[in-house]
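# Fold and geometry: a report
Spelled out, the chains give:
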Amino acid sequence: MENLLLTNIGMLVTPTGCAAKSGAAQGEVQVLRDAWVLIEDGKIAEVGTGRPGQAGNARILDAGGRLVTPGLVDAHTHLIFGGWRQNELALKLRGVPYLDILAQGGGILSTVTATREATEEELAEKAGLALEEMLSFGTTTCEAKSGYGLRLEDELKQLRAIRDLNEKQPIDLVPTFMGGHALPKCFADDREAYIRMVCEEMIPAVAEEKLARFCDVFCETGVFTPEESRKILEAGKKHGLLPKIHADEIDPIGGSQLAGEIGAVSAEHLIVCPTEGIEAMAKGGTVACLLPATSLYLGATFAPARQMVNTGVPVAMATDFNPGSCPCLNMQLVMNLGCLRYRLTPEEVLTAVTLNGAAAIGMADSVGSVEPGKLGDLVIWDAQDLNYICYRMGSNLARTVIKRGRVFERNNIHEN
Ligand code: IZC
Ligand code: ZN
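First, a word on scope: everything that follows refers to the structure included in this document. (Residues numbered from 1 in each chain as written. Chains lettered and ligands numbered in written order. Predicted model: local features only at pLDDT ≥ 70, side-chain atom pairs only at ≥ 80, totals over all residues. Heavy atoms only, no water.)

Each aromatic ring pair is described using two quantities: the centre-to-centre distance and the angle formed by the ring planes. Applying the stated criterion to the full structure yields 7 aromatic pairs. Ring centres of Phe 81 and Phe 321 lie 5.5 Å apart, and the angle between their planes is 50°; on these two criteria the pair is classed as tilted. With Phe 81 in the loop between strand S6 (72-74) and helix H1 (88-93) and Phe 321 in the loop between strand S13 (315-317) and helix H12 (331-340), this pair connects stretches of sequence that are 240 residues apart. Assigned by exposure class, Phe 81 and Phe 321 land together as buried. An aromatic cluster is built from Phe 81, Trp 84, Tyr 148 and Phe 321, whose rings are joined through pairwise contacts. (Phe/Tyr/Trp six-rings, centres within 6.5 Å; stacked < 30°, edge-to-face > 60°. Helix = DSSP H or I, 4+ residues; strand = E, 2+ residues; numbered from the N terminus. Buried < 20%, exposed > 50% of the residue type's maximum accessible area, 1.4 Å probe, protein only.)

Okay, structure coming up:
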C-alpha cells in the first residue's frame, strides 16, 4: 500500500483519545496550525507541525492550507433495504403520524416487503450507491443495521450484504442486528412468539456466523415495550452482541432508563428523553446517539443535547439514514443541525460526529481522531476553519476524503 504524507494543512482540528468525551471535554479539541500527517500502511504514523520530516517513499499531498479533520463516523444507519417510501410524503403532508402509518401496515412493514423481495446482491448494490455518496460527504466509518427482514433468512441476507460490502468498498461498516425493529404482520396475535424467535433463533444464528457486533431494538409505543426490549437485548448480550436501543423517539416509555440500567453502549434518538433517562445513561456509561435530521424530517422537537452534555452523557450524532423517517446520507447537514437546533458548539459537534460516534459503535480505539495508531481516515475541507463547515449549509464542502490512506477526490469521488 502506498504511504501518504499530507502537508500544508492550514488547521488540523481533532478530538483526542480512544474513549467518548463528555461534559466540558466534549468541546475540547486539539487545534494544530501548519500541520502535516504521515500515513503508513493505512494507519496514521506521525502528526506534526512546521516542516515535515523525510517523506521516504510516501506520496505527498498538499492540503493547500485548508482545514483537515478526522473522517466522519455515521454511527446509526438502516443502510440495507429494498424500495423507498416516497408515497409516505403525501400522508405526512396530510398529517398522518409516523406510528399510524406503521400501525396501518405501512412504514417499516412496507420496507420489509420490498426487502424480502430483493436478493442479497440487489441489496448490496443499492447500498453500495448510498455508501459512495456518503464517502463523498466525508463519512469514512458507518454503522449498518438489519431489521427489514424480520425472519431469519432475510435478517441474515441483510447482514451478509453488509459483510460483502465491507470487503468491496472503502467505508468500514459496523453491523448491527435489529430483528426487534417491528412486529411482523403475521405475529400480530402472538407477540411473544416473535420475541422468542428473535431471542432463540435469530440471535444465536447471527452470533454463530459472526454477522453482527451489536443488537438493537425499537422500544416505542406500538412497537416493543421496555420489558420486551430488555428480553431481546439480554438475549443478545448472552451471545456476545452488545446492546443498543432506539429510545424516546416519539414517546418516553422508559427506553433511556433501560439503556442506562443494562449498560447499553448507545441509546438512539432520545428526542423526548426525560431527565431520569439522562441520569440513567450518565450512570450506565451510555453514549447518546442523536439524530437531528430525523427530528427535522418528522417535524418533531429536538433532543435535549445541552442537558445531556451538562449531565455528563457523551453525545454522538448520526444521520439515521433510512427510507422512512430520514432518507438523508449527509453528515454535514447533521453538523449544521447540531449547532442550529441542539445549540452545541462546532467543537462539541465535531466530537459528536467523530470520536463519540466511534465510541457509540465500539470503534474509538481505531477511528474518530487524527492520532498515531489510528486509521488514516481524514477529510480535507473546502474551508479554513471548523466554524465554516458548521455555518455553510446545503453544499458539499468535503474536498478530499482519505480512507485508510487512500485518496478520494470529490467531483465524482474517484480514487486518484
Ligand atoms: O424504516 O422507519 N425509526 N426505525 C425507527 C426507523 C425509524 C426506520 C424506518
Ligand atoms: Zn434508527
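Okay, the pattern of salt bridges next. Following the criterion strictly, the structure yields 18 salt bridges and no others. The closest approach of N and O atoms between Glu 209 and Arg 160, which form a salt bridge, is 2.7 Å. Placement of Glu 209 in the loop between helix H6 (191-208) and strand S9 (214-217) and of Arg 160 in helix H5 (residues 152-168) is noted, with a sequence separation of 49 residues between them. Here Arg 160 falls in the partly exposed class, since its relative accessible area comes to 25%. Across the pair Arg 404 and Asp 172 runs a salt bridge, and its minimum N-O distance is 3.0 Å. One end of the pair, Arg 404, is in the loop between strand S15 (398-403) and strand S16 (406-409); the other, Asp 172, is in strand S8 (residues 172-180), and 232 residues separate them in sequence. According to the relative accessible area criterion, Arg 404 is partly exposed, its value standing at 35%. Here the salt bridges share partners, and the residues they tie into one network are Arg 66, Asp 382, Arg 399 and Arg 410. (Salt bridge = Lys/Arg side-chain N within 4 Å of Asp/Glu carboxyl O.)

What follows is about the side chain of Asp 74. Counting through the fold element by element, Asp 74 comes out in strand S6. For Asp 74, which is buried and forms no salt bridge, the nearest opposite charge comes from Lys 145, at a distance of 8.9 Å. Beyond its immediate chain neighbours, meaning those up to four positions away, Asp 74 contacts Met 134, Thr 139, Thr 141, Cys 142, Glu 143, Ala 318, Thr 319, Asp 320 and Met 331. (Lys, Arg positive; Asp, Glu negative; His and termini not counted. Contact = heavy atoms within 4.5 Å.)

This part covers H12. Of all 10 residues in H12, 8 are buried, a share of seventy percent or more. Residues of H12 that are buried include every one of Met 331, Gln 332, Val 334, Met 335, Asn 336, Leu 337, Gly 338 and Cys 339, and no others. Two or three places before Gln 332, at the start of H12, stands the capping residue Asn 330, its side-chain oxygen 2.7 Å from that residue's backbone nitrogen. (Polar contact = N/O pair within 3.5 Å; in protein donor to acceptor, adjacent residues only side chain to side chain.)

Here the zinc ion (ligand 2) is held by His 76 (NE2), His 78 (NE2), His 246 (NE2) and Asp 320 (OD), and the distances to it run 2.0 to 2.7 Å. Taken in chain order, the donor set of the zinc ion (ligand 2) reads H-x1-H-x167-H-x73-D. In this pair, His 76 sits in the loop between S6 and H1 while Asp 320 sits in the loop between S13 and H12, placing the two residues 244 residues apart along the sequence. With respect to class, His 76 is no different from Asp 320; both count as buried. (Donors = N, O, S within 2.8 Å, 3.2 Å for Na, K, Ca; no water.)

Spatial ordering of the open sheet is given by S6-S7-S8-S9-S10-S11-S12-S13, a layout of 8 strands whose pairing is parallel. The open sheet terminates on both sides in strands that have one partner only, identified here as S6 and S13. If you compare each strand with its neighbour and ignore which way they point, the axes differ by 25° on average. By the bridge criterion, 5 bridges tie strand S7 (residues 139-145) to S8 in an arrangement that is parallel. Bridge pairing in S8 places Thr 141 opposite Asp 172. Docked against the sheet, H5 engages S7 and S8, running at close to 175° with respect to S8. (Pairing = 2+ DSSP bridges. Axes fitted to C-alpha atoms, helices over the stretch in contact; angles between N-to-C directions.)

Any functional reading would require information that these geometric values do not contain.
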